[in-house]
Structures are given as structure tokens and as C-alpha cells.
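Residues per chain are reported as follows:
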Amino acid sequence: MDTTGGGTADEETQQRLTPDQATQSTGRRKAAAKVVNEPRIGPDPQAAAFFDLDNTMIQGASMFYLAKGLYARDIFPRKAILRALWLQLQFRFIGGENPDHIAEAQAASLSLITGLSVEQITSVCEEIYEDTIAPRIWPGTRAIAQLHLDAGHQVWLVTAAPKEIAELIASRLGITGALGTRAAVVDGCYTGHLERGLLHGPAKAEAVRDLAEQYGFDLARSFAYSDSHNDLPLLSLVGHPCAVNPDAELLEHAEEQDWQIRDYRTGRKVAKASALGAGIGGASLGALLIGLAIRRQRK
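Reference entry: report on the structure contained in this document. Note that the structure is a prediction, hence the values are computed from the model and not measured. (Residues numbered from 1 in each chain as written. Predicted model: local features only at pLDDT ≥ 70, side-chain atom pairs only at ≥ 80, totals over all residues. Heavy atoms only, no water.)

**Describing the packing of aromatic side chains**
No. 1: Counted by the stated rule, this structure contains five aromatic pairs.
No. 2: On the basis of an interplanar angle of 65° and a centroid distance of 6.2 Å, the ring pair of Phe50 and Phe217 is categorised as edge-to-face. Highlighted residues: Phe50 in strand S2 (residues 48-51) and Phe217 in the loop between helix H9 (202-215) and strand S7 (223-226), separated in sequence by 167 residues. Each of the two residues, Phe50 as well as Phe217, counts as buried.
No. 3: On the basis of an interplanar angle of 50° and a centroid distance of 5.9 Å, the ring pair of Trp156 and Tyr215 is categorised as tilted. Highlighted residues: Trp156 in strand S3 (residues 154-162) and Tyr215 in helix H9, separated in sequence by 59 residues.
No. 4: Classification of Trp156 by relative accessible area gives buried; the value is 8%. (Phe/Tyr/Trp six-rings, centres within 6.5 Å; stacked < 30°, edge-to-face > 60°. Helix = DSSP H or I, 4+ residues; strand = E, 2+ residues; numbered from the N terminus. Buried < 20%, exposed > 50% of the residue type's maximum accessible area, 1.4 Å probe, protein only.)

**A short note on the environment of Leu53**
No. 1: Inspection of the secondary structure assignment puts Leu53 in the loop between S2 and helix H3 (62-72).
No. 2: Along the chain, Leu53 and Leu157 lie 104 residues apart, while their C-alpha atoms are 6.4 Å from each other.
No. 3: With near-sequence residues (within four places) excluded, Leu53 lies in contact with Ile58, Ser62, Leu157, Val158, Thr159, Ala161 and Ile169. (Contact = heavy atoms within 4.5 Å.)

**Describing a negative patch on the surface**
No. 1: On the surface, a cluster of negative charge is made up of Glu249, Glu252, Glu255 and Glu256.
No. 2: Structurally, the position occupied by Glu255 is in helix H11 (residues 248-257). (Patch = residues over 30% accessible without salt bridge, like charges linked within 9 Å, V, L, I, M, F, W, Y side chains within 5 Å. Areas by Shrake-Rupley, 256 points an atom, 1.4 Å probe, with all protein chains shown as cover. Salt bridge = Lys/Arg side-chain N within 4 Å of Asp/Glu carboxyl O. Lys, Arg positive; Asp, Glu negative; His and termini not counted. Charge placed at Lys NZ, Arg CZ, Asp CG, Glu CD.)

**Details of helix H7 (residues 139-150)**
No. 1: For H7, built from 12 residues, the straight-helix expectation of 16 Å at 1.5 Å per residue is met to within 8% by its first-to-last C-alpha distance of 16 Å.
No. 2: Summarising burial for H7: nine of the 12 residues are buried, a large majority.
No. 3: Listed in full, the buried residues belonging to H7 are Pro139, Gly140, Thr141, Arg142, Ala143, Ile144, Ala145, Gln146 and His148. (Expected span 1.5 Å × (residues − 1).)

**Concerning the pattern of salt bridges**
No. 1: The tally for this structure, following the rule as stated, stands at eight salt bridges.
No. 2: For Asp218, the salt bridge goes to Arg221, with nearest N and O atoms at 3.6 Å.
No. 3: Overall, Asp218 belongs to the partly exposed group, its relative accessible area being 25%.
No. 4: The closest approach of N and O atoms between Asp263 and Arg265, which form a salt bridge, is 2.6 Å. Of the two residues, Asp263 and Arg265, both sit in the buried class.
No. 5: Where salt bridges share partners, they join Asp44, Asp218 and Arg221 into one cluster.

If you want it as C-alpha cells, here you go:
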């Protein structure tokens, strides 16, 4: 496995720094992480680390940046971008936990990719990763992941984003693997259905329990990192939860529970990350935008 993620020599050096040093090494001295209740990360064959993706491992929503890259390549019309952003705002501020809204967006997204091949989607993701996603990785969070790898822990991304983009990012970062939302595939093409529903909220905790059983992890000795209160089931599952760039609800809960807290954002970045959205909104937006992009290419 490529443990450098295809990075430059400077990036490789950065991966070996502490989380705070990594933040400062990129010129973000004013955004040095707030750190509360930091546990020791040491060798433990039964420990693992689980990282949310959007606003935790990367700034903003991964699929939003993917859409920007596609738009820059004249694949998306402006109307498609505006419509998708409106859907994301509905999820983020109106109906993020509403089952009817989730089902509606899910059906719309899946209908657009029905019949498309996995190779098509993967190719689009790979083409724009370096320009649109890699520059958005939080150095501090990446450094924490490297500390876990150096300690011999397995490190997993656990995200509502489609597994194709999650697995690509995990591969580029040189971490163990990724769990993401899985669209059903027959003969290499998407059927228009999900295998088990969106990997969101309690479903993340269930997936990590299954992973722990498969690999023999002791969750009481394991770590989890997320920015969103939607991931409280996952964070509460492990012995060492950490709120990274937390939203207001997660921050309040983390302070009440005396959890570790890390924040790598300046005030400007906080506002930007909130506007871009994460979690369910980012996943639904990404699926919709990819579908629109590929369908337009086919026409």
C-alpha cells in the first residue's frame, strides 16, 4: 500500500509531524488546534481508529469539491449546480434527519446513475482528486491518522459518501480502508438501489461494530473522530472519542462528556465549512452531481 498517498517530499515529512506541528507547518499558525483531553496513541494490536470524512479529514464536503471540479471542466451546467446546492441546504438546515427528505433525495440521485458503470464513476473521481480534494485535507487530522498508523493501528474512513470516493481517498492517504454508502451493482453497473441504505448516523456505528467483530478490535480501546452530532452513535461506541472541528451540538456534548476536542479552523474557515455542509447533505449532493455529470456526458 502507498503510505505517502502520492504526495511530495514536503507532504511526506508533514505526515510524520504531530497534529499541531502539521497545522503550523502549512502556514496556519493562527489556526493552531485547540486540544482538550488528548489520550496517548500507543501500540495496541486490538485498537483501531475510525475517521469521518467531511469536515473531519477534509475541509467541507468531499463531493462538493468533486462537483466543483466537474463544473470547471464544463461537465455541469450552472442550473444543475444551483439545484444541487439548494437540495444540500434543505438537508443541512431543514430536513437533514427527515426520512421523507432522505428517501426523496436518495431516489433522485440513484435514478440518475442507474445503468452507469462503476468504472465511469471511478474514472471521474480519480481525474479530479488531486486538484479538488487533496488540497482540502486537514493537515492536523491527517497527522493524527499517521500517528495511529505508526502505532500499528488499523485506520478506517467511515462516511455517508459513496464508497467509490471514500475508497479512493483512503488509498491516496495510505490508510487501511474505507466504509461508505454502497450502491447495488449488477454486471458492473448500478441498478438504482442501495445495498443497505445510507451509511449515516446509527448505521455508521453498526458498520463499525461489524468491522470490529471481523478484525477483533476492542472498541473500548479504539478511537473515533468526527465533526458532526449525527455521528454521536459512532463516537459513543469507542473508548476514545474525539470531536474534530465540531458543530455546535457536538461541541456541547463533547464538553459535557469530557471528550477530546480538536479544532483546526479559523473563524473564516468555520463559516466556510458550515456553508459547504457535510454528512447526509454532502453525500446526497455528491450522488446527485455525479449522476448529472455522467448523464450529460452520455448525451
